[in-house]
Amino acid sequence: MIGVTGSTGQLGSRIARLLADSGVPQRLIVRDPARAPSLPKAEVAQASYGEQAALLNALDGVETLMLLSATECADRVSLHKATVDAAVAAGVGRIVYTSFAGAAPGATFTFARDHWHTEQHIRGSGVDFTFLRDNIYLDFVPGFVGEDGVIRGPAGDGRVAAVARDDIAAVAARVLVDPGHSGATYDLTGPTAFTLAGAAAVLSAAWGRPVRYEAETLDEAYRSREAYDAPAWEVAGWVTSYAAIASGELSHTSTAVEDITGHQPISLEDYIIRNHSTAPQ
Ligand SMILES: NC(=O)c1ccc[n+]([C@@H]2O[C@H](COP(=O)([O-])OP(=O)(O)OC[C@H]3O[C@@H](n4cnc5c(N)ncnc54)[C@H](OP(=O)(O)O)[C@@H]3O)[C@@H](O)[C@H]2O)c1
């Protein structure tokens with residue numbers, strides 16, 4: 001039995017759909033069963049990360065767990081650790097975890113540090129694992145553009161090897177069922193790394209209206225996001241995602257998507273043509 005968390009969300013729903021399309025039985029572990037996707041050979045169990053008793057029940061009989069990282073929050077690492085502990089206690093044999101590119105304790109992108117701490121906890125627990133270190137979602141790139149047609153962030157001239165959720169899901173669906181992925185860490189990237197000026201040029205051409213990139217300093221970035229009145233940890237995550245591009249930490253490309261799925265990851269150009277060929281209104 002494969003357990004899948006996060007199937008009410010964007011990535012988890014894609015993974016669950018691919019497993020269902022392959023006829024694989026799965027258990028969808030969700031916070032709200034009313035929102036679980038309805039899929040063949042899929043049963044539904046209710047649990048939130050950190051809810052020990054509910055998780056033990058939901059994970060009973062699960063051999064391999066697809067653990068999606070939780071929505072960013074101040075105590076995300078604690079939630080992940082408690083969920084891993086519950087999985088180990090329930091007898092899960094392998095955890096496939098959605099980590100992040102360049103996960104490290106001192107990663108520029110503060111949210112990537114959460115992923116490193118979670119990876120370390122999984123390693124320390126003794127459970128078998130596969131880590132999918134996802135780059136920034138390609139799906140997010142059109143949303144970088146402000147209403148004035150400007151992408152603003154402290155990304156300098158750095159490059160980002162963004163990867164589509166569809167490609168991550170295709171990898172996940174394979175590593176969950178295929179042998180040979182135990183103990184592996186895969187960097188999941190798109191085919192190339194592009195600058196935000198390059199992304200602006202691609203969007204300009206597709207949308208037929210000017211899109212440009214203006215690099216901010218870190219101070220400007222923090223100041224420009226004050227208006228959202230968000231907690232400091234969240235603003236730091238937003239700003240440092242761009243700073244991580246500037247640092248080069250997100251520029252590495254890998255062949256993992258093609259190696260595992262047999263198809264090339266989608267490029268920015270093709271992604272925009274297929275999904276965002278017209279400008280947002
Ligand atoms: N690589 C990137 O660029 C990038 C960008 C953003 C986020 N991420 C990470 O990747 C994850 C998956 O991305 P996504 O696009 O699928 O996000 P999403 O659409 O927001 O889906 C998140 C899923 O995780 C579930 N979830 C979140 N917190 C949970 C908790 N505490 N307990 C149980 N379930 C929880 C959500 O359940 P509900 O429906 O009940 O909320 C939802 O099903 C995100 O959660 C985030 O950690 C990566």
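In case you missed it, the structure is sitting above this.
Residues numbered from 1 in each chain as written. Predicted model: local features only at pLDDT ≥ 70, side-chain atom pairs only at ≥ 80, totals over all residues. Heavy atoms only, no water.

### Comments concerning the overall build of the protein chain
Operational definition: Each helix corresponds to a stretch of at least 4 residues labelled H or I by DSSP, and each strand to a stretch of at least 2 residues labelled E; elements are numbered beginning at the N terminus. Within these notes, the globule rule equals 2.2 Å times the number of residues to the 0.38 power, and the radius of gyration is based on C-alpha atoms. For each residue, the accessible area found with a 1.4 Å probe, counting protein chains only, is set against the maximum for its type, and the residue is called buried under 20%, exposed over 50%, and partly exposed in between.
Check the secondary structure of the protein chain and you find 10 helices and 11 strands. Against the compact-globule benchmark of 19 Å for 281 residues, the protein chain has a radius of gyration of 19 Å, which places it among compact chains. For the protein chain, the spread of C-alpha atoms along the principal axes amounts to about 55 × 35 × 35 Å. Taking all 281 residues of the protein chain together, the buried fraction comes to 50%.

### Looking at the pattern of salt bridges
Note the threshold: Salt bridges are defined by distance alone: a side-chain nitrogen of Lys or Arg within 4 Å of a carboxyl oxygen of Asp or Glu.
Overall, the coordinates contain 13 salt bridges when judged by the stated rule. In this structure, arginine 152 and aspartate 148 form a salt bridge, with 2.9 Å as the shortest nitrogen-oxygen distance. According to the relative accessible area criterion, arginine 152 is partly exposed, its value standing at 32%. Taking the shortest distance from any N to any O, the salt bridge between glutamate 214 and arginine 152 comes out at 3.3 Å. Placement of glutamate 214 in strand E11 (residues 212–215) and of arginine 152 in strand E7 (residues 150–153) is noted, with a sequence separation of 62 residues between them. Salt bridges linked by common partners bring Asp148, Arg152, Arg212 and Glu214 together as one network.

### Things to note about the pairing of strand E2 (residues 26–30)
The test is simple: Strands pair, by our definition, only if DSSP identifies at least two bridges between them.
Taken across its 5 residues, E2 has 5 buried, putting it largely inside the fold. Alternating residues of E2 divide into Gln26, Leu28 and Val30 and Arg27 and Ile29, and every residue in both groups is buried. When strand E1 (residues 2–5) meets E2, the two strands line up parallel, connected through 4 bridges. Looking across to E2, one finds that isoleucine 2 is bridged to glutamine 26.

### Quick word on the packing of helix H1 (residues 10–21) against helix H5 (residues 165–177)
To keep things clear, this is the line we draw: Every axis corresponds to a line fitted to the C-alpha atoms, with the helix fit spanning only the stretch in contact, and the corresponding angles, defined between N-to-C directions, vary from 0 to 180 degrees. Oblique is the label for any angle not under 35 degrees, not over 145, and not in the 65 to 115 range, which are roughly parallel, roughly antiparallel and roughly perpendicular in turn. Here a crossing is taken to be left-handed if its near helix is turned anticlockwise relative to the far helix by less than a right angle, and right-handed if that turn runs clockwise. A contact between two residues is defined here by any heavy atoms of the two lying within 4.5 Å. For this scheme, ten residues count as nonpolar: Ala, Val, Leu, Ile, Met, Phe, Trp, Tyr, Cys and Pro. Four count as charged, namely Asp, Glu, Lys and Arg, and the remainder, Gly too, count as polar.
Two elements in contact, H1 and H5, have axes whose closest approach is 9 Å; the angle formed by their N-to-C orientations is 50 degrees. In terms of axis orientation, H1 runs oblique to H5. Our pair here, H1 against H5, has a crossing hand that is right-handed. Contacts between H1 and H5 involve Gln10, Leu11, Arg14, Ile15, Leu18 and Leu19 from the first element and Arg165, Asp166, Ile168, Ala169, Ala170, Ala172, Ala173, Leu176 and Val177 from the second. When the residues that make up the contact of H1 with H5 are grouped by side-chain class, the tally is 11 nonpolar, 1 polar and 3 charged.

### Describing the side chain of threonine 118
Put simply, the rule is: Residues adjacent in sequence count toward polar contacts only when both atoms are side-chain atoms; beyond that, a polar contact is any pair of N or O atoms within 3.5 Å, and within protein one must be able to donate a hydrogen and the other to accept it.
The residue threonine 118 is located in helix H4 (residues 110–125) in this model. The exposure class assigned to threonine 118 is buried, which follows from its relative accessible area of 0%. A distance of 3.0 Å separates the side chain of threonine 118 from the side chain of histidine 80, its partner in a polar contact. Each residue touching threonine 118, except ones within four places of it in the same chain, is listed here: His80 and Tyr97.

### Observations regarding helix H8 (residues 232–247)
Spelled out, the test is: Expected span of a helix: the number of residues minus one, times 1.5 Å.
The terminal C-alpha atoms of H8, which comprises 16 residues, lie 21 Å apart, in line with the 22 Å expected from a rise of 1.5 Å per residue. Regarding H8, the residues found buried are Val235, Ala236, Gly237, Val239, Thr240, Ser241, Tyr242, Ala243, Ala244 and Ile245. Looking at the buried positions of H8, the neighbouring elements they touch are H4, E7, strand E8 (159–160), helix H6 (196–207) and helix H7 (218–224). Note on H8: the residue one or two positions beyond its end, glycine 248, has a positive phi of about 90 degrees.

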